[in-house]
Amino acid sequence: MSNLAVIDFETTGATPAMGARATEVAICLLEGGRIVDRFASLMNAGVRVPPFITQLTGISNAMLASAPAADAVMREAARFVGTRTLVAHNAAFDRQFWRAELLRCDLQAPQPFACTVRLARRLYPDAPNHRLGTLAEWLDLPTAGRAHRALADAEVTAQLLGRMARDLDRRHGCTRFDPEVLLALQGAARHKVQACIQQFA
DNA sequence: TGCCAGGCCCTCTTTAGGGCCTT
């Protein structure tokens, strides 16, 4: 499991299109199914955090007042990720903030995104639902830290990814778990998941 | 006061609608 970086944003709202900005980013680099490096930082984008978001994440305006500027954090995050494929739980959400925040820095965002929600729906169709917290509990994944903080959620997502790799190996003899496999699997129609896995086994 | 989006997936679909998931 190389060339993968798990990312999670905390933000002030649902979409940059409505003016929401990132407040925290965390990234875990994976090698061989293990987390080998981490990057996490609050980021001050000069916006107010709605009370609902503070209640959800624990991130307050006071915390952001002393945080480094969003521009500097995103430049460091982009250097940290490099050309790795990014993985996020509900990647459509994190991808739009990754692109929007880097665009503000005049930086490109060429990294492909894989989505653990899409993967989990294909690999664990019997789960009660496919929220990150539910999957962590259902699969008995180790958790550390407060849910809805970026590093804690990124680490749980990385644990979920590792579990998927082990299950693909145990259930299907598929030892490959790289960006190509992830992108193919998440794009496979439900009735073609087995055929897709066999292609890489 | 209450609500606000975007992308993906499923199905009693595709000239559409509703649910899920993220903050």
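Higher on the page you've got the structure.
Residues numbered from 1 in each chain as written. Chains lettered and ligands numbered in written order. Predicted model: local features only at pLDDT ≥ 70, side-chain atom pairs only at ≥ 80, totals over all residues. Heavy atoms only, no water.

Asker: An account of the protein's contact with DNA strand B is requested, with residue identities and associated values reported.
Answerer: Around DNA strand B, a shell composed of 27 residues is seen, among which E10, N90, R122, H130 and L132 lie nearest. Backbone atoms, meaning sugar and phosphate, form 79% of the atoms of DNA strand B found within 4 Å of the protein. Breaking the surface near DNA strand B down by element, the ones donating at least two residues are strand 1 (4-11), helix 1 (51-57), helix 4 (91-104) and helix 5 (116-123). Residue composition of the surface near DNA strand B, grouped by class: eight nonpolar, 10 polar and nine charged. (Near = heavy atom within 4 Å. Helix = DSSP H or I, 4+ residues; strand = E, 2+ residues; numbered from the N terminus. Nonpolar A, V, L, I, M, F, W, Y, C, P; charged D, E, K, R; others polar.)

Asker: Pulling in residues and values, what's your account of the nonpolar core?
Answerer: Of all hydrophobic cores here, the largest spans 36 residues; its most connected members are V6, Y124, L160, L161, M164, L182 and L185. When contributions to this core are tallied by element, the ones reaching two or more residues are strand 1, strand 2 (22-31), helix 5, helix 6 (132-138), helix 7 (150-172), helix 8 (179-187) and helix 9 (193-200). If sequence neighbours within four positions are ignored, L182 has contacts with L4, V87, A114, L119, L161 and F177. Formed by 27 residues, the second largest nonpolar core is a distinct cluster that contains L29, A70, V81 and W98. (Core = buried A, V, L, I, M, F, W, Y, C linked by side-chain atoms within 4.5 Å. Buried < 20%, exposed > 50% of the residue type's maximum accessible area, 1.4 Å probe, protein only. Contact = heavy atoms within 4.5 Å.)

Asker: Break down the environment of F52 for me, citing the residues and quoting the values.
Answerer: In this structure, F52 sits in helix 1. Along the backbone, F52 and A165 are 113 residues apart, and their C-alpha atoms lie at a distance of 36 Å.

Asker: Give a detailed account of the pattern of salt bridges, specifying residues and quantitative values.
Answerer: When charged atoms on two side chains of opposite charge get close, those side chains can pair. This model, assessed by the stated rule, comprises eight salt bridges. A salt bridge links R38 to E155; the shortest N-O distance between them is 2.5 Å. Of this pair, R38 sits in strand 3 (residues 34-42) while E155 sits in helix 7, placing them 117 residues apart in sequence. What makes R38 partly exposed here is its relative accessible area of 43%. Close ionic contact of R176 with E180 constitutes a salt bridge, the shortest N to O distance being 2.8 Å. A relative accessible area of 32% places R176 in the partly exposed class. By relative accessible area, which is 49% here, E180 ends up partly exposed. Taken together, the shared-partner salt bridges connect R176, D178 and E180 into one network. (Salt bridge = Lys/Arg side-chain N within 4 Å of Asp/Glu carboxyl O.)

Asker: Now, about the side chain of T23: what can you tell me, with residues and values included?
Answerer: The residue T23 is located in strand 2 in this model. Contacts of T23, omitting those with residues within four sequence positions, involve E10, T11, T12, S41, L42, M43, V49, I59 and L64.

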